[in-house]
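Coordinates in review
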Amino acid sequence: MEYLVLKNSDLRVSRFCMGGCPMGGYGWGAVREDELTAAVHSALENGVTFFDTADTYGLGQSERTLGKALGSHRHEVVIGDKFGVRVEGGRTFYDNSIQWMESALDNSLKRLGTDYIDLYQIHYRDGKTDILTVLDGLNRMKEKGKIRYFGLSNIHREDWEELGRCAGSFVSFQDEYSLACRKNEADIVDLAEKLNATPLTWGSLGQGILTGKYTKDNVNFGSDDRRSREVYVNFHGEKLIRNLEIVEVLKQIASDRGKSVPAVAIRFILDYLKDSVVLAGVKRPAQLLDNLSAMNWHLSEEELLRLKEVSA
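Before going into details, it helps to say that this report is about the structure given with it. All chains use their own residue numbering, which begins from 1 and follows the written sequence. Only residues with pLDDT of at least 70 get local features here, since the model is predicted, and only at 80 or more are side-chain atom pairs given and counted; chain-wide, interface and lining totals rely on the full set of residues. Think of the side-chain values as coming from all heavy atoms in the structure, minus any hydrogens and water.

Our next topic: the sheet that holds strand β9 (residues 147–153). Strand order in the closed barrel made by the eight strands is β3-β4-β5-β8-β9-β10-β11-β12, with parallel pairing throughout. Across the sheet, the axes of successive neighbouring strands diverge by a mean angle of 30°, strand direction being ignored. Should DSSP find at least two bridges between two strands, the strands are taken to pair. To qualify as a helix, a DSSP run of H or I must reach at least 4 residues; to qualify as a strand, a run of E must reach at least 2; elements of each kind are numbered from the N terminus. Across five bridges, strand β8 (residues 117–122) lies against β9 in parallel orientation. In the strand pairing of β9, L119 is matched with Y149. The strands that helix α3 (residues 98–112) touches are β5 (78–83), β8 and β9; relative to β8, the one it contacts most, it runs at about 140°. By the convention used here, residues are in contact when the closest approach between their heavy atoms is within 4.5 Å. For every element, the axis is a line fit to its C-alpha atoms; helices are fit only across the contacting stretch, and the angle between N-to-C directions ranges from 0 to 180 degrees. Along the sheet, helix α4 (residues 131–143) makes contact with β5, β8 and β9, crossing β9 at roughly 155°.

It is worth spelling out the pattern of salt bridges at this point. Whenever a carboxyl oxygen of Asp or Glu lies within 4 Å of a side-chain nitrogen of Lys or Arg, that contact is scored as a salt bridge. One pass over the full model with this rule turns up 27 salt bridges. Close ionic contact of R140 with E102 constitutes a salt bridge, the shortest N to O distance being 4.0 Å. Highlighted residues: R140 in helix α4 and E102 in helix α3, separated in sequence by 38 residues. Exposure remark for R140: the relative accessible area of 33% places this residue in the partly exposed category. Salt bridges sharing partners connect three or more residues here, namely E2, R15, R267 and D271. For each residue, the accessible area found with a 1.4 Å probe, counting protein chains only, is set against the maximum for its type, and the residue is called buried under 20%, exposed over 50%, and partly exposed in between.

Moving on to unusual backbone geometry. A positive phi angle is found at N8, which is not glycine, with a value near 60°. Tracing the backbone shows N8 in the loop between β1 (3–5) and β2 (12–14). Despite not being glycine, N196 shows a phi value in the positive range, around 50°. When you line up the elements, N196 lands in the loop between α6 (185–195) and β11 (198–202).

Laid out in structure tokens, this is it:
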């Protein structure tokens, strides 16, 4: 395993973070709790010390599953959680208010079965609550011992002017990044410097298209899988065809290196964004082990160039 310390903190984490969205049991096809639990245990056995979830994943189910699976190992790991997305009265909306933060945090602590969260993150900005107001609320929760540090998620260039007022306050920020989605690349690099924060990449396997198990003929997901919707562009139309060209190069490199296809896709991120952490959700132990084979080796300059060219 590879480790780093999140900027502005003493949180030493594995550079692979197990993502908790599939633990919500919703929108990713068939998911079994026993397999999710086994994946968490396998992660612990293989040096993973970083787990990420959110109160909105399965409306709390992800937190319950993760807390139960970690059990007595909770104090050995770093838990990242998020607030800011509300589902109420049949609608979903963003809320960064202090009142919602305090309520959401207490409920997350109960579901996780813990009395503190290591990294509490703003899931989405709500467009109305001033960032300094949010930061003040987070600091009060830190003083109470309920959270240790805080981070950001889904932050883009239009947010930079606001965030510039609190550089150094957040230890990390999340954004979508993979060989299938490099549109945020320059922003991630610039924001890491501007905020002096560690980038965490979600969608690191392009919602699964970069695992190598899909072709243009087997992407017919059921209605219980969000990837059936065209908004998940990696599996539809011309974007699917382009992604499969990337996968062919990944397969060639994986064969040459004796690695799994997802391992090569993850290694690209780790090598290209040198002080980053890769987030990836998994459903079962075999997927986790495929991902973890990305650790402790490097792509050559020629391999990096091939991947950058095919994904440009």
